[in-house]
Every structure is written in C-alpha cells, then in structure tokens.
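The chain contents come next:
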Amino acid sequence: MKRTFSLLVFFLITFVIYAKGNDDITQKDTTEIIKLNRQAYANRLTSPEQTISDASKALDMAVKLDYKAGIGEAYRVRGIGYYYLNQATAAINDYLNALSTFEKAKDLRSQAKVNNNIGNLYLDNNLTKALEYFKKSLTITERLNDSSLTASLYMNIGNVYYRKNSFNQALNYYDKSNALFASLGDSANLVQCLQNRGVIYYHLNDYDKAEKLLLAANKAAKAQDLNKPVASTNLTLASLYIAQGKFDEAERIVHEGEAYAAALKDEKLTNDYNYTIYQLEFKKKNYEKALRYLQMIFRQDSSIHISNESTQINLIQEQFKQEAKQRDTELLLVNQQNDRIKFWAVTVVAGLLLVVIGLLVSNVKRKAATNAQLTGLNEEVSRQKDNLDRVNHHLEEIIDERTKDLQVKNKKLSDYSSYLSHQIRGPIATLRGLMNLEKEGLVDEKECINMMDKCVSDIDQKIIEMSEMLNEGPRTIV
C-alpha cells in the first residue's frame, strides 16, 4: 500500500512539473510573439517590408502554439504592411483572417482595429464602403472608451471627407483626432495629423498655414525616421511651392520626396511624384519634358485604373473565399478541441488505472502472505493430529498386551479418556475458535498467531505428559 501511494505521488508531482514547465515555455514564447507584432507595427511607416517579415515570424510562432490573440494580431499587422506596399489583395486576405480569429475569441477591441484597417483599404476605390467600416469600428471603440483607436478613426473619417472634397468637414475630424493624439502623446500619429491638416489648408488656399503645418510634419517625420509621411508630405509641399511659383523650392522638395518613395518601393507615390514633376515642368514652360512625364503618367494611370478595378473585384472574391475558409477553420478548431479533450481524458484514465493496479498488487501480496501463514498452521495441526493417531495406536497395543488386568486397564482407559476430553480437546477447540475469528477478521493477526502457538504448545505438552504416564504406569489424573 505504501509503495502504491508513493507511485501515485510521484506521478502527480511529475505531471505538475511537466505542466508548469510547459506554462513557462508558453509564457516565454507568447511574450516573444507580442514583441514581434509590436515591432512589426512600429516599422509600418518606415519599412513596410520589415513589417511583413516580422509579422510573418510572429504568425508562424503563434500558429505552432495555437495562440489565438497572437495569430489574429500577426495577420492584422502583416495586412497593414501589405497595405502600405499597395498590395490590396494580400492585405484584405490577412485582414479577413484576423477578423475571423478575433470574432471567435470575442475580442471586440481587436475587431474594431481590423474594421478600421479594412476601411483604409477601401479609401482608394469605394468611399461608401470605407465609411461604413470606419463607423462600425467607431461604434465599438466609443463603447469601450478607447481613446487611441477613436483618434485613429476620426483621422480616417476625415480622410473620407477629404476625398469627397468636403474640406471643412474633414478638417473638423482632423482637429478632433489631433487633440486626442496630443493628449495620448502619440508622436507618430501627430505627424500624420499635421500633414492632413496642412493638406486641407492647402486646398482651402491658406498657403501660409499649410506650409507651416507641412514643414512641421516633414521635420517631425524625419526626426522619427517615418519615411512614408516624409514622402507624402513633400508631395503637398511641392504642389504648394508650384502654386506660389517657387520652382527651385519645389524641385528640391520633389527630389527629396522621390528618394524616400524609392526607398519605400511605393509605386503609387512614385507615380504621384511623376505627376508633380509634370506640373512643375509645365509651369516652367518646359513643355517637351512635361509631355514626356504626361505620357508616362497616362500609362501609369491606365495601369493603376485596371489595378484598382481588379483590386475591387479581388476584394469581393477574397471575402467569399474567406467565408469558406472561415467555415473550414471553425471545423478544424472544433476537431482540435475534441482531440485535446480526448488526450486529457486518456491521461486521467491512465492515471486512475495506475492507482487501481497499484492497489490490486498490494492486495494480492497481502492475501498471499495470509495464505502462507494459514498453510503453515494447517501443516502444524496435521502433524499434531498424526502424533495423536500414533498415541492412540500405542494405547491399543498396551490394552492388547495387558489383557490380564482388565479392570486396571479399563480404569486407565477411562482416565485417559477424561484426560483427552479436558486437557487436549480444550486447546484444540480454542485453536479452532481462533482460526474462525481470524477468518472473520475479528482478532489481531499477531495476537492470533501467539495464542495458536500457545494452544499447540499445550497440546504438545499434554501429549508428552500422556506419553510419560504410559511409560510410568497408572497414576492419578488431576
């Protein structure tokens, strides 16, 4: 029994240590996944390719651990990387995967983030759809009182109204966004707010205010190594300088912006710079050079138009594909959950079986020891019975040999019979009683053996006395 208990304790301790070790490893790995996702997001405005690389690493690690929060965030951040590289199809695929994961986890805040990202993706081809996603996200964030995401949504809704040429309405949202980002100390998004407000003032023909905001955005973006804002801010600055006839300033800003666009490998920005250069050359009356850029822009615009149409179709197709994939994923997750339940059920049953086997082994050993003791006692009783049989046989021979003194013999036989009844049968009866008590478990085993030994010793002693009486002749029996 002690050995079984020790085995059970060892099994439980080993299991706890194993589980704790796995928890430590999982904790370490999930921390690394969170770190990679944050690092990937931080690089979105500097190096979208690095964003995609880091998010892909985080996704691989999260999938191996079945870490749902890490999987969803890795898909979302990688989609942002694809968005900044103008790869809309890849971006929507990752966004929809992220949204599916967060919906299963009932993570409302993350769902709001993904809806915001999808809204940004629609800004270039479907403003109605973009506004729908932004407002859906805003409903969630206002309920959660999430200031950071609310600020981002104000800025993105402003972008929708800017594209609709509702400049004052856009500026209203940009100002609200700027106030929230300032209170949060979000320096990267403050750069974006400066740029957006500068663009609005440029379109409102308030060039002085626009230049001041855009230069401040350019300076802050360079200080934080935010390549994308630098490149896009310079576009508006160049247009502003062209409108003011400051062609040298415009050319300087264009060359600087082109270098940033090339570093980002952003074809859309590069095309926008080609259009700005066309405007610059046309204003400078370099018509031949302006015409070359115009032809280049026409080819690129045609390509972009086809790409945008294709992108919109692909977005719809990807949504349908994602719905089918989501169903398959849900089925896979259910199967994985069932497999985990089966594994733990088998583990528990195996543990219980080990305990039962240990108890059975202990019980068998205990019964074997008891049987061995009973067998020894039976053998001892058999030997004593043989002794009694020999004594009786010897008495018969004595009776036959002493036929002459029949009365004495009869008297002696009567004495011997009385002796057997009172002196030997008594211990034997006691022995039988002890055996019955031991079978019923009513007497301590050690005490029972000691008493049996005493009875057997008494019987043996009486037999010896009887033998001595037979050898010594008749005597009075007491």
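A quick note: this is a predicted structure, and the numbers were derived from the prediction, not measured. (Residues numbered from 1 in each chain as written. Predicted model: local features only at pLDDT ≥ 70, side-chain atom pairs only at ≥ 80, totals over all residues. Heavy atoms only, no water.)

## Re the nonpolar core
Turning to step 1, where the next piece is worked out: Core analysis: the largest hydrophobic core is formed by 82 residues, its most contacted members being Tyr95, Val114, Ile118, Phe134 and Ile157.
Turning to step 2, where the next piece is worked out: Among residues more than four places away in sequence, those in contact with Ile157 are Leu131, Phe134, Leu138 and Tyr173.
Turning to step 3, where the next piece is worked out: The next biggest cluster of nonpolar side chains, apart from the first, holds eight residues, and it includes Val391, Leu395, Ile459 and Met466. (Core = buried A, V, L, I, M, F, W, Y, C linked by side-chain atoms within 4.5 Å. Buried < 20%, exposed > 50% of the residue type's maximum accessible area, 1.4 Å probe, protein only. Contact = heavy atoms within 4.5 Å.)

## Regarding unusual backbone geometry
Turning to step 1, where the next piece is worked out: Within the chain, Lys106 stands out as a residue other than glycine whose phi angle is a positive 55°.
Turning to step 2, where the next piece is worked out: Looking at the element boundaries, Lys106 is found in the loop between helix H4 (88-105) and helix H5 (108-122).
Turning to step 3, where the next piece is worked out: A residue is classified by how much of its surface remains accessible, and Lys106, at 69% relative accessible area, is exposed.
Turning to step 4, where the next piece is worked out: Phi at Lys285 takes a positive value of approximately 65°, unusual for a residue other than glycine.
Turning to step 5, where the next piece is worked out: Here Lys285 shows up in the loop between helix H13 (267-283) and helix H14 (287-401). (Helix = DSSP H or I, 4+ residues; strand = E, 2+ residues; numbered from the N terminus.)

## With respect to the packing of helix H2 (residues 48-65) against helix H3 (residues 68-84)
Turning to step 1, where the next piece is worked out: Direction vectors running N to C along H2 and H3 enclose 160°, while the axes themselves pass 8 Å from each other. Comparing the axis directions of H2 and H3 gives the class roughly antiparallel. You can see that H2 and H3 cross each other, and the crossing is left-handed. Contact residues: Pro48, Thr51, Ile52, Ala55, Ser56, Ala58, Leu59, Ala62 and Val63 in H2; Gly70, Ile71, Ala74, Tyr75, Val77, Arg78, Gly81, Tyr82 and Tyr84 in H3.
Turning to step 2, where the next piece is worked out: Looking at the contact of H2 with H3, its residues break down into 13 nonpolar, four polar and one charged. (Axes fitted to C-alpha atoms, helices over the stretch in contact; angles between N-to-C directions. Parallel < 35°, antiparallel > 145°, perpendicular 65-115°, else oblique. Left-handed = near helix turned anticlockwise from the far one by under 90°. Nonpolar A, V, L, I, M, F, W, Y, C, P; charged D, E, K, R; others polar.)

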